[in-house]
Amino acid sequence: MSNTTLDDQYTQLSEDLLDFLIDGGKLAVIKAPPGSGKTFTLVEVLSALAREGSRIALGCQTNSQVDDVCNRLVKKGALTVRFSSSTYPTPDDLDPHVLVIRDKKQLPAGPSVVVGTIAKWALTDILDPFDLFAVDEAWQMSWADLMQCALLSERFLLIGDPGQIPPVVTVDARRWDTSPRAPHLAAPTVVVDEPGLASVRFLGELPACRRLPHEAVEFIKPFYDFDFAAYADLGARGIDVPGAHRFAQLGDGRPLAVTLPTPSNGPPIEVDHELAASAGTIVSAILDAGAMLRVDGKTRPLVASDIGVSSTHRVMNATLASALAPWSPALRVDTPERWQGLERPLMIAIHPLSGVTDPSAFDLETGRLCVMASRQQAGLILLTRDHVGETLANYVPSAEQAPGRPDVVGRGHDAHLRFWGALVDKGRVRTLT
Amino acid sequence: MSRREITKKLRAWEAERPIPRYDTLHHAIVSPDDALVVTFVRMAGESRPWGIAWGTAASGPRIVSVPDGRVRDDVSSLCAEFAEDLLDHLRVHNWTYDPAGQKEDTSRLRQVWLPNGAHIEMLHQLSYTYSQTKFGGANQDILRALGRVAGWMFRETARKGSQHVVSASGALNDAYVFPAQDVRTAHLGFQLAWLETVGDRTHRMAAAADAETMTVSPTLDPDLDRRVLSDLVERWQLVRRDGGEASSTAASIAAILEPELVRRWELTRRAYSLLAANDRPVNPGVRWLIEESQAEFWGQHQRIELRLNDPSLGPAFVAHPETDFHGSAAASRYLTYEAADEAFVGRLIHSDPELFAEAVDAGDAVRGEVVRVTDLGTGRATRPVWVLRLPPGVTHRLRENVRLTPYGSSGHEVIVLDLDVTEDALDVTLEWTGLKTRPLSVGLGAKPDASIWVGQQVAFVTSDAADLTRRRSSRVWSAAKGPGAWLTHGKFPTQIEILDDDGRSDLLVDDVRQIVAGEPA
Amino acid sequence: MPTTDRGRRVTELDETREEARRNTRGRFEQWAKNPTCHANTLSAVHNVRLDAAAKAAGLQPSFGQSPFAIARGNWFEAGLFFDDAAKLRQALERKSCLPAGSTGFLDLRLKMNGGTEVTTVDQALERTSAWLQRLSAGPTGTESIVAGPMIKIPKGVILPEALLIIDAATVTADPSGRAKVTVGEVKVFPDRGGYTDASQLASARAQAGIYRHALDLAVKATGIAEDVVIARDGFLVFTWPGSNSPSVRPHEDLTYQAIRAERGFERLERVASELVRDEDFSADNPTLVERVLHSETDYREACLSFCDLAPRCHRRAMERDDAILLGDEIKRVLGDTTLTRAIELLNGVDPDDDREQDLQRQLGLA
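Just so it is clear, the model here is predicted, and its values are computed rather than measured.

1. Considerations on the overall build of chain B
Point 1. For chain B, the count of helices and strands is 15 helices and 15 strands.
Point 2. Its C-alpha atoms put chain B at 95 × 65 × 40 Å along the principal axes.
Point 3. Relative to its 521 residues, chain B shows a buried fraction of 56%.
Point 4. Residue pairs in contact within chain B that sit at least 24 positions apart in sequence constitute 67% of those at least 6 positions apart.
Point 5. Carbon and sulfur atoms form 48% of the exposed surface of chain B, whose accessible area is close to 20600 Å².

Right under this line is the structure:
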């Protein structure tokens, strides 16, 4: 599909959404694949609504997301307010035209976009409801959290990536598994699954992933229940490592799985020092070889700050950080939870099942792998012990979920199998030498 | 399983016996008079009790059973008898001369000890059967009261830190690491054999394997059912159907069920006694957990009981056994459970070095050197700020805006302002936000702005957001007045009709109908 | 009744075959609980019951069902299908699995399973096939509830003539007017919402997934896949706690459980083809029992919940000082390192090799 057609689809979606909201529509849900221009679309729509006279509240998940959105909104000419808690220090890079307000009584009464964290909005008693309450990264917000925001507005816009990590549930929530509005589930999931809301609901999907190389997009599709295209052109992105380098395959934009043999007695627990050291070896090899970053016609040398590393376990991240210390702090190491919303030209991700020979439902949950496999603009290396394919093939999923709940383990297992299978089928799995 | 847990299991194997898991006990152990031990047996394939044994740890058990666990009326009578003592023990309004009030001293906690999770599930079954029953004749009121309190007890066990209902097997697993497969340590007899047998590992293992052959679950050994009970019960049914005298057959059945009940009861009492006589102290933070549990009992049960008896006191709804259908009820309870979970470790960690060590391993606590102390306050206001230096590669959950509490000095609080990663260290900038002018209870015992902290090693644990979460829990009700409530507080009534074998129907009125339409349960 | 010895042996063999066929589902699920244990695989493939093998090894079998549970299950099922499946129909209509006013009940259950007309396996297979053929002409006039349809899975080598008896199925019309068959699994487990026993739910869904997969194969094999739709979702029928009232849970997504069944059967066939040496699947054959007893095992914690040979594996683990004595996780970490040696390493002795050094590091010593 050509980019012109995709651009038309983006425009059409924004227009349809705007029309819906301007006409009094009360509930809109937009599914966004990773790097699909979600925040761009949100900023466009909200600033247009503000220009039409709307007074809007926007909720983000973290303070840094709030700051980022404020900076983008203010450039569109909207009166942008950063609604802060008393202890939050205003960052230096916040646009000076963004109004910082800590007292709800001072919130503007006229057209504006007021941006705060969900945590802030949930505990604020608003004197004057807004025309619209929008939520960014909405799939990270639980239904219980949305309930607390009922004071804010009659109308809701939820936008986010359904493939990413769902709200963390740390308590025994079995009592509510069969509740019609389960408080621990992601808010948009409850809305989308509710047949009674279909007549009042606008449901849309952003049409393309813009962040990933064209060739990488198909690998993340198993994590989604809707289709989307690749925005980048074929062959437009990659990491070019000169010569017949062992990582030359990165040049075609597809993910590359690099494996270490699994010891006959099984992989290490918690911390895989050899794997962490291998990450250092890989970074060193790529940078020392003078790798070039190629994105949409522009080429330049790859540097340490272009690389991001992710592993699901904090203990492993600490070991990775040590192994990658020569490139710190430019090279960021973090969990997928903290990588959400961020991107790098080259990502190195430890496969979530590396070292896991007996996967649990938690291990097979796809959100973390989806996040780790969708941060890259030009290249992705999955580093893992080589048992993963066999572990997945041997795994027999049990559907233990409460009655009426979706089979997330089965779905997760299937998605993992298809993801790994695609890497194998396309010759993208190789042993680290 | 973490590295720490694996090491503990190996140490237990080396010690040839179970070893303590933590330095303190994390659960209240009440006096023998205040600990009611309850065990059930039920017929395989059925949900209701076939027999119940109950009695305080001080008094010994009362054993009551019925010949056929499928005869509804007989089981109702059994449960009514049990209910009298249970409701009195828990000081439930209307069933005792000394009902629990809104403010109770922590010393007045009453507990119910059951062998394991399978027995706790029987409480859920009682809730389904009786909480809104239309049957039971003269016993209807007490059966409904039993159903309601059993439902509350069952739900309460899912709330972290709850103190009223104790799974003996769970409590032993919390207190000890067993040198055995985890799946086996769910068997109370197995656990007690490991703990109480005198001798080396071989002796203990053999005793444990032996104990394991006797089931502790509410259902009986299928072989016992096959060889003995099946025929007896059938005989009893036939005699009764023919209008004959079945008491001797009934007595034979009771004679088989009694030792089964007694065995389960005794195991539970032994677990209670072992923990009561433990040389480890109960963690001081448990006092807070008791207060919270008593508040839950008042708010979620006792207050409802009062209102059910006297509607002028306000509205009350009986929780549905399956779930909270009403959105506000569901969200509010969910957030209450979250708050309990957040607060739990924070309450206990300051008095338990092993729990603290576990938190360090998991990244929920950090220890570092104070390298700088400044005061950014102006005038008389003080704003102490520290820079804490952590070694490189340490596991941590630190992020900007995360709140921490100094280990051993609960009440104090800092917020993380900045993280600066260098090659050989991680410098964390912390601003004091809680008790910032009061001396710490650890280390030098100085105030946060004192420069003598420089060079000192100080540990911090993640501070909980439980108070905030509790506020969120009540907000879901008040948010129902908001303009967005059409979406967030939508209502889904569910009427479930249960037909019994005789075609009689029993209805469970869901919470939505009760709350919205005022339909009585 | 046959009068000759040979005749009696043939009859016994037929009955054994029948028993083996009926237990296809149970054997497949048993295998799935520990797919890497050769003894378990052979037991499932050859239908050598684990309690029989345990007895032969001098162990006391401990798993078995209480007669009360069996009676309850039979009673519940019988009640569901009594009087033209009135009770089940009411529950299905209430949950919109069937439209209000649905009619027609086809009872394909064997008489020994509570049916009224079907006496042999071959009859059941024939009638099920005839029923599917009728469905290919559309749902109009066909029965809306079917009990006990029987399907043969064509997996000739490893699970000869694998037979599956589906508990219940509904027939409705899909939007294009074709007959849509939805499989249902009936269990006498209490439905307690989110607290319904997880393993019972998993078991029920696994079986429903097998049914769905089998029905898919059957309609394809009979060339009517274009005319008959097999629903991707199914329904579960549990009991309301303390009652014989059915609790129906509709719209259970069986997609992945059906895939599980398909992959599982293929994998079982692959694994078994490396182990199985002949086609004799008589459960009492002493040679086969011995083969099971002498096979390689892969003892793990899950075995304790279903395998009567587990005590023997545990005893052997004790003799070997095997880490499995402390559970699956410890075994995974220690591998072949004995518990005694692991403790020595934990106490700081010099490691003998890289593997031991790595183990010390994992345990936090290096």
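Now that the structure is up, let's keep going.
2. Here we look at the domain arrangement of chain A
Accessible area lost when the parts come together is the quantity often used to give the size of an interface.
All names here are of chain A.
Point 1. In terms of domains, chain A is made up of domain 1 (3–208) and domain 2 (214–431).
Point 2. Listed by partner, the interface residues are 24 residues for domain 1 and 25 residues for domain 2.
Point 3. Buried area between domain 1 and domain 2, both sides added, is near 1900 Å², and the carbon and sulfur share of it is 58%.
Point 4. Summed over the shared surface of domain 1 and domain 2, the number is 1 salt bridge.
Point 5. Notably, a salt bridge pairs lysine 31 with aspartate 225, separated by 3.5 Å at the nearest N-O pair.
Point 6. The interface formed by domain 1 and domain 2 includes 5 residue pairs in polar contact (both at pLDDT 80 or more).
Point 7. Per-element accounting of the side of domain 1 that touches domain 2 gives the leading share, 4 residues, to helix 1 (residues 3–22).
Point 8. Its residues placed into classes, the side of domain 1 that touches domain 2 shows 12 nonpolar, 6 polar and 6 charged.

3. A short note on the nonpolar core
Point 1. Trp121 and Phe133 of chain A together with Leu10, Trp50 and Leu172 of chain B are the most contacted members of the largest nonpolar core, which totals 189 residues.
Point 2. By residue number, the principal contributor to this core is helix 9 (residues 247–276) of chain B, which donates 11 residues.
Point 3. Counting residues in each nonpolar core, the second largest holds 39 residues, with Leu6, Ala32, Val45 and Ala229 of chain A among its members.

4. Comments concerning the sheet that holds strand 4 (residues 62–65) of chain B
Residues and elements named next belong to chain B.
Point 1. In space, the 5 strands of this open sheet follow the order 4-3-2-5-6, with mixed pairing throughout. With partners counted over all chains shown, the strands left at the sheet margins are strand 4 and strand 6 (165–167), one partner each. Strand-to-strand, the axes of this sheet are offset by a mean angle of 20 degrees, without reference to chain direction.
Point 2. Judged from the 3 bridges that link them, strand 5 (residues 111–114) and strand 6 form a sheet pairing that is parallel. Each bridged residue has a counterpart across the sheet, and for valine 112 the counterpart in strand 6 is valine 165.
Point 3. In this fold helix 2 (residues 72–89) packs onto strand 2 (35–41), strand 3 (51–56), strand 4 and strand 5, with an angle of close to 25 degrees to the strand it touches most, strand 3.
Point 4. Running at roughly 145 degrees to strand 2, helix 9 makes contact with strand 2, strand 3, strand 4 and strand 5 of the sheet.

5. Re the environment of arginine 403 of chain B
Point 1. By the element assignment, arginine 403 of chain B lies in strand 10 (residues 403–406).
Point 2. When its relative accessible area of 31% is taken as the criterion, arginine 403 of chain B is described as partly exposed.
Point 3. In sequence terms arginine 403 of chain B and serine 478 of chain B are 75 residues apart; their C-alpha atoms lie 27 Å from each other.
Point 4. Dropping the residues within four chain positions of it, arginine 403 of chain B is found in contact with Thr87 of chain A together with Glu413, Val414, Ile415, Thr433, Val461, Thr462 and Ser463 of chain B.

6. What about the interface of chain A and chain B?
Point 1. Contacts between chain A and chain B engage 52 residues on the former and 55 residues on the latter.
Point 2. Both faces combined, the contact of chain A with chain B buries some 4400 Å², and carbon together with sulfur accounts for 61% of it.
Point 3. Together, Met147, Arg175 and Arg314 of chain A form the three largest contributors to the area buried by chain A at its contact with chain B, with a combined 18%.
Point 4. With a shortest N-O distance of 3.0 Å, aspartate 324 of chain B and arginine 175 of chain A are connected by a salt bridge.
Point 5. Counting across the interface, chain A meets chain B through 17 residue pairs in polar contact (both at pLDDT 80 or more).
Point 6. Elements represented by at least two residues in the side of chain A that touches chain B include exactly helix 4 (118–122), helix 5 (143–148) and helix 9 (314–323) of chain A.
Point 7. At 6 residues, the largest contribution of residues to the side of chain A that touches chain B is made by helix 5 of chain A.
Point 8. Per-class residue counts for the side of chain A that touches chain B are 28 nonpolar, 12 polar and 12 charged.

The rules behind the values
- Residues numbered from 1 in each chain as written.
- Chains lettered and ligands numbered in written order.
- Predicted model: local features only at pLDDT ≥ 70, side-chain atom pairs only at ≥ 80, totals over all residues.
- Heavy atoms only, no water.
- Helix = DSSP H or I, 4+ residues; strand = E, 2+ residues; numbered from the N terminus.
- Buried < 20%, exposed > 50% of the residue type's maximum accessible area, 1.4 Å probe, protein only.
- Contact = heavy atoms within 4.5 Å.
- Areas by Shrake-Rupley, 256 points an atom, 1.4 Å probe, with all protein chains shown as cover.
- Domains from an automatic or database assignment.
- Buried area = accessible area lost by both parts, 1.4 Å probe.
- Salt bridge = Lys/Arg side-chain N within 4 Å of Asp/Glu carboxyl O.
- Polar contact = N/O pair within 3.5 Å; in protein donor to acceptor, adjacent residues only side chain to side chain.
- Nonpolar A, V, L, I, M, F, W, Y, C, P; charged D, E, K, R; others polar.
- Core = buried A, V, L, I, M, F, W, Y, C linked by side-chain atoms within 4.5 Å.
- Pairing = 2+ DSSP bridges.
- Axes fitted to C-alpha atoms, helices over the stretch in contact; angles between N-to-C directions.

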